[in-house]
Number of protein chains: 2
Amino acid sequence: MNNPSRLDRLRDAGYKLTNARTVVLNVIETHEGHMTSAEILDAVASRDSSIGRASVFRTLDLLTRLAIIRPTYTAGSATPTYVLMPDGHHHHIVCVQCHQTIEFEDCGLGSLAERLEGEFGVKLTGHLLEFYGICGACSEAGVVDDEV
Amino acid sequence: MNNPSRLDRLRDAGYKLTNARTVVLNVIETHEGHMTSAEILDAVASRDSSIGRASVFRTLDLLTRLAIIRPTYTAGSATPTYVLMPDGHHHHIVCVQCHQTIEFEDCGLGSLAERLEGEFGVKLTGHLLEFYGICGACSEAGVVDDEV
DNA sequence: GATGTAAATGATACCACGTCTCAATATGAC
DNA sequence: GTCATATTGAGACGTGGTATCATTTACATC
Ligand SMILES: [Mn+2]
Ligand SMILES: [Mn+2]
Ligand SMILES: [Zn+2]
Ligand SMILES: [Zn+2]
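Everything numeric here is computed off the predicted structure, so don't read it as measured data.

### Some remarks on the pattern of salt bridges
Residues and elements named next belong to chain A. Counted according to the given criterion, the structure contains eight salt bridges over all chains. For D8, the salt bridge goes to R11, with nearest N and O atoms at 2.7 Å. With D8 and R11 both in helix α1 (residues 4–12) and three residues apart, the pair spans about one turn of that helix.

Pasting the structure below:
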């Protein structure tokens with residue numbers, strides 16, 4: 001059930017494949033879409049209550065550094081939500097009115113990434129692309145434009 | 001010094017143009033690049049020490065809801081940094097090792113935005129594009145590739 | 001399979017960011 | 001100028017995330 005390639009990426013980067021890390025990754029892979037740290041903590045605890053808070057946060061940091069997940073701001077909440085970055089990228093549209101998010105796949109950013117690597121001497125491993133706007137439901141619902 | 005159009009956006013959205021809001025916006029507009037809430041609090045206090053913490057955070061929320069600024073998590077799971085969204089968009093590269101951010105301008109996302117508007121029936125007003133990877137300094141600094 | 005060792009862990013104390021409450025004040029419509 | 005109301009500032013409060021440190025685990029080597 002656990003995507004083995006992600007655990008491989010941990011091992012290949014020199015990190016041990018511990019129980020805490022395996023469970024946290026599994027929780028995130030199992031869940032569709034974004035998760036708050038509270039949701040992750042709950043899900044981890046329900047699978048293995050012996051795993052400590054600190055290790056969950058440490059794992060979230062580690063997975064972020066490995067570009068396996070990414071913290072992103074979602075409206076209304078002071079804390080980030082974490083989202084898997086399959087193949088290193090993720091894209092969505094956020095309605096600034098109702099906060100619904102619409103995921104999409106094609107971004108066509110490969111050539112831009114290459115250009116940036118040359119221009120700035122960086123090695124890029126992933127990206128996050130967020131569009132903001134008003135979703136169809138909200139614009140139909142009579143929300144006047146200048147109220148946003 | 002304060003870009004009048006942004007204050008207009010506040011007023012047009014039905015919010016009062018108060019001293020706290022003007023100073024917070026001015027601080028963010030004056031500063032180049034990303035700011036943490038701590039930096040914003042400091043800068044606001046040094047301009048007008050009578051402005052309270054709560055009002056600063058309330059203003060950050062408001063400016064975010066109006067898509068004038070955007071919080072992004074440039075460092076692990078710590079606190080977000082806030083960045084102006086001139087003309088509704090912003091782009092940068094984040095080094096996942098040292099958290100340095102490199103800003104860039106061209107993104108060429110206009111045609112993608114148009115396609116998405118048709119495909120999902122949304123009205124898009126802006127976007128944030130983040131690449132992550134390893135900056136030149138970090139890869140030279142002996143960080144082995146497979147360690148990230 | 002046993003051994004050694006450094007990385008990783010879990011418990012808990014701790015801190016800081018951000019929120020809530022509420023009386024006082026400033027704003028903008030009239 | 002008057003008034004209604006949005007907004008404010010002070011400060012108590014809560015909660016998400018971190019630092020510490022003794023203990024355990026993973027995994028390389030034999
Ligand atoms: Mn998403
Ligand atoms: Mn930036
Ligand atoms: Zn919506
Ligand atoms: Zn770097």
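### Remarks on the coordination of the zinc ion (ligand 4)
Residue and element names in this part refer to chain B. C95 (SG), C98 (SG), C135 (SG) and C138 (SG) make up the full set of protein donors to the zinc ion (ligand 4), lying at 2.2 to 2.4 Å. Relative to the metal, the four donor atoms surrounding the zinc ion (ligand 4) lie at angles of 104 to 115°, and the coordination shape comes out tetrahedral. In the primary sequence, the donor residues of the zinc ion (ligand 4) line up as C-x2-C-x36-C-x2-C.

### Some thoughts on a negative patch on the surface
Together, E32(B), E103(B), E105(B) and D106(B) give the surface a local cluster of negative charge. With respect to the secondary-structure elements, E103(B) resides in strand β5 (residues 101–103).

### Remarks on the nonpolar core
Core analysis: the biggest nonpolar cluster contains 42 residues, and L129(A), F131(A), L129(B) and F131(B) have the highest contact counts within it. Elements with a minimum of two residues in this core: β4 (89–95), α5 (110–120) and β6 (123–134) of chain A together with β4 (89–95), α5 (110–120) and β6 (123–134) of chain B.

### A look at unusual backbone geometry
Here the phi dihedral of A67(A) falls at roughly 60°; this positive angle occurs in a residue that is not glycine. Structurally, A67(A) can be placed in the loop between α4 (53–65) and β2 (69–72). Phi at H99(B) is positive, roughly 70°, even though this residue is not glycine. Following the sequence through the fold, H99(B) ends up in the loop between β4 and β5.

### Quick word on the pairing of strand β3 (residues 81–84) of chain A
Residues and elements named next belong to chain A. Along β3, one buried face is formed by T81 and V83 and the opposite face, lined by Y82 and L84, is buried too. Summarising the sheet, strand β1 (residues 35–36) and β3 pair through two bridges and their orientation is antiparallel. In the sheet register, M35 faces β3, and the bridge partner there is Y82. Strand direction decides the pairing type here: β2 and β3, joined by four bridges, are antiparallel. Looking across to β3, one finds that R70 is bridged to V83.

### Describing the relation of the copies chain B and chain A
The transformation that overlays chain B on chain A combines an axial shift of 0.3 Å with a rotation of 179°, and the residual RMSD is 1.1 Å. Between the two chains, the operation in question is that of a two-fold axis. When C-alpha distances to the rotation axis are compared across chain B, the minimum falls at L129(B), with a value of 2.2 Å. A shared binding surface is used by both copies, with 84% of the interface residues of chain B retained as interface residues in chain A.

### Concerning the coordination of the manganese ion (ligand 2)
Residues and elements named next belong to chain B. The protein atoms that coordinate the manganese ion (ligand 2) are H34 (NE2), H90 (NE2), H92 (ND1), E103 (OE) and E103 (OE), at distances spanning 2.0 to 2.5 Å. Donor residues binding the manganese ion (ligand 2) come from one chain and are separated in sequence as H-x55-H-x1-H-x10-E. Here H34 is found in the loop between α2 (19–30) and β1 (35–36), whereas its partner H92 is found in strand β4, with 58 residues between them in sequence. Here H34 falls in the buried class, since its relative accessible area comes to 14%. Residue class for H92 comes out buried when judged on its relative accessible area of 0%.

### What about the environment of T36(B)?
Mapped onto the secondary structure, T36(B) falls in strand β1. Beyond its immediate chain neighbours, meaning those up to four positions away, T36(B) contacts P80(B) and T81(B).

### What about the domain arrangement of chain A?
Quite often, the size of an interface is put as the accessible area lost when its parts meet. Residues and elements named next belong to chain A. Taken as a whole, chain A is organised into domain 1 (1–84) and domain 2 (87–148). Each of domain 1 and domain 2 was reduced to a C-alpha centroid, and the two centroids are 23 Å apart. Listed by partner, the interface residues are eight residues for domain 1 and seven residues for domain 2. Here domain 1 packs against domain 2, burying approximately 560 Å² in sum over the two surfaces, 63% of which is carbon and sulfur. Put simply, domain 1 and domain 2 have zero salt bridges between them. At the boundary of domain 1 and domain 2, one finds one residue pair in polar contact (both at pLDDT 80 or more). Its residues assigned to classes, the side of domain 1 that touches domain 2 comprises five nonpolar, two polar and one charged.

### A few points about the sheet that holds β3(A)
Two pairing modes exist for strands in a sheet, parallel and antiparallel, and in both the strands are linked by backbone hydrogen bonds. Residues and elements named next belong to chain A. On the basis of which strands lie adjacent, the open sheet formed by three strands has the order β1-β3-β2 and antiparallel pairing. Each edge of the open sheet is held by one strand with a lone partner, namely β1 and β2. Lying on the sheet, α4 is in contact with β2 and β3; it crosses β2 at an angle near 105°.

Definitions and limits used
All chains use their own residue numbering, which begins from 1 and follows the written sequence. Labels follow written order: the first chain is A, the first ligand is 1, and so on. Given that the model is predicted, a residue must reach a pLDDT of at least 70 before its local features are reported, and side-chain atom pairs must reach 80 or more before they are shown or counted; all residues, however, enter totals for whole chains, interfaces and linings. Excluding hydrogens and water, the side-chain figures rest on all heavy atoms present in the structure. Within this document, salt bridges are pairs made up of a side-chain nitrogen of Lys or Arg and a carboxyl oxygen of Asp or Glu, the two lying within 4 Å of each other. Under the DSSP-based scheme used, a helix requires at least four consecutive residues in state H or I and a strand at least two consecutive residues in state E, with every element numbered from the N terminus. Listed donors are limited to N, O and S atoms within 2.8 Å of the metal, widened to 3.2 Å for Na, K and Ca; water is not among them, so incomplete-looking sites are possible. Square planar and octahedral sites, with four and six donors, are those where opposite donors lie more than 155 degrees apart and all other angles lie between 65 and 115, tetrahedral sites have four donors with every angle between 85 and 135 degrees, and the rest are irregular. Surface patches are defined over residues having more than 30% relative accessible area and no salt bridge, joining like charges when they lie within 9 Å and nonpolar side chains (Val, Leu, Ile, Met, Phe, Trp, Tyr) when within 5 Å. The method behind every accessible area is Shrake-Rupley, applied with a 1.4 Å probe, and residues are considered shielded solely by the protein chains displayed. Working convention for charge: Lys and Arg count positive, Asp and Glu count negative, and His plus the chain ends are omitted. Where a charge lies is defined by one atom per residue type: Lys uses NZ, Arg uses CZ, Asp uses CG and Glu uses CD. Each nonpolar core is a collection of buried residues, namely Ala, Val, Leu, Ile, Met, Phe, Trp, Tyr and Cys, held together in the definition by side-chain atoms within 4.5 Å. Relative accessible area decides the class of each residue, using a 1.4 Å probe on protein chains only: under 20% of the type maximum gives buried, over 50% gives exposed, and in between gives partly exposed. Strands pair, by our definition, only if DSSP identifies at least two bridges between them. When the copies are superposed, the least-squares fit takes in the C-alpha atoms of residues with a pLDDT of at least 70 in both. Whether two residues are in contact is decided by their heavy atoms: any pair within 4.5 Å suffices. Where a domain begins and ends is set by an automatic assignment or by a domain database. As used here, buried area is the combined drop in accessible area, with a 1.4 Å probe, of two parts when they are placed together. In protein, a polar contact requires one atom able to donate a hydrogen and another able to accept it; more generally it is a pair of N or O atoms within 3.5 Å, and residues adjacent in sequence count only if both atoms are side-chain atoms. Under this grouping Gly is polar, as are all residues other than the nonpolar Ala, Val, Leu, Ile, Met, Phe, Trp, Tyr, Cys and Pro and the charged Asp, Glu, Lys and Arg. Interaxial angle, 0 to 180 degrees, is taken between N-to-C directions of lines fitted to C-alpha atoms, where a helix line uses only the stretch in contact.

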